[in-house]
Amino acid sequence: MKITEDFVETMLCPACGGRMQLNTAADAIKCRACRRVYQIKDDIPDMLVEHATIEEEAPAPAS
Ligand SMILES: [Zn+2]
């Protein structure tokens, strides 16, 4: 079953319980709240918190 935007809208982030959004370009599901990114492999989302990466809002300034 192909993962659709509607399906992702019904999901909650396993890390924080926030709303998720589908990133079709990256084949990933991203949490709007904590910005964790869950990869989708062969139409199966990997919802393990340990596997998620956190997308930074902006590159951190070099200090
Ligand atoms: Zn989250």
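The preceding data block contains the structure.
Here the structure is a predicted model, which is why all the values come from computation and not from measurement.

Chemist: Just checking my understanding: could you explain the environment of Gly18 for this structure?
Modeler: One can find Gly18 in the loop between helix H1 (5-9) and strand S1 (20-23). Owing to a relative accessible area of 10%, Gly18 belongs among the buried residues under this scheme. The spatial distance from the C-alpha of Gly18 to the C-alpha of Cys34 is 7.4 Å, given a sequence separation of 16 residues. If we ignore the near neighbours within four places in the chain, the residues touching Gly18 are Met11, Leu12, Cys13, Cys31 and Ala33.

Chemist: Looking at this structure, how should I read the coordination of the zinc ion?
Modeler: Octahedral metal centres with six donors ideally show angles of 90 or 180 degrees, and tetrahedral centres with four donors ideally show 109.5 degrees. Only Cys13 (SG), Cys16 (SG), Cys31 (SG) and Cys34 (SG) from the protein reach the zinc ion as donors, at distances of 2.2 to 2.4 Å. Taken together, the four donor atoms coordinating the zinc ion span angles of 103 to 115 degrees at the metal, a pattern that classifies the geometry as tetrahedral. Counting along the primary sequence, the residues that act as donors to the zinc ion give the motif C-x2-C-x14-C-x2-C. With Cys13 in the loop between H1 and S1 and Cys34 in the loop between strand S2 (28-31) and strand S3 (36-41), the pair connects residues that are 21 residues apart, well separated along the chain.

Chemist: Mind showing me how you'd approach the pattern of salt bridges here?
Modeler: Side chains carrying opposite charge are able to pair once their charged atoms draw close together. Applying the stated criterion across every chain, the model contains three salt bridges. Where Lys2 meets Asp43, a salt bridge forms, and the shortest distance between an N and an O atom there is 3.3 Å. Residue Lys2 is found in the segment before H1, and its partner Asp43 is found in the loop between S3 and strand S4 (44-45); the two are separated by 41 residues along the sequence. According to the relative accessible area criterion, Lys2 is exposed, its value standing at 59%. When its relative accessible area of 32% is taken as the criterion, Asp43 is described as partly exposed. The closest approach of N and O atoms between Glu55 and Lys30, which form a salt bridge, is 2.7 Å.

The rules behind each value
- Residues numbered from 1 in each chain as written.
- Predicted model: local features only at pLDDT ≥ 70, side-chain atom pairs only at ≥ 80, totals over all residues.
- Heavy atoms only, no water.
- Helix = DSSP H or I, 4+ residues; strand = E, 2+ residues; numbered from the N terminus.
- Buried < 20%, exposed > 50% of the residue type's maximum accessible area, 1.4 Å probe, protein only.
- Contact = heavy atoms within 4.5 Å.
- Donors = N, O, S within 2.8 Å, 3.2 Å for Na, K, Ca; no water.
- Tetrahedral: all angles 85-135°; square planar, octahedral: opposite > 155°, others 65-115°.
- Salt bridge = Lys/Arg side-chain N within 4 Å of Asp/Glu carboxyl O.

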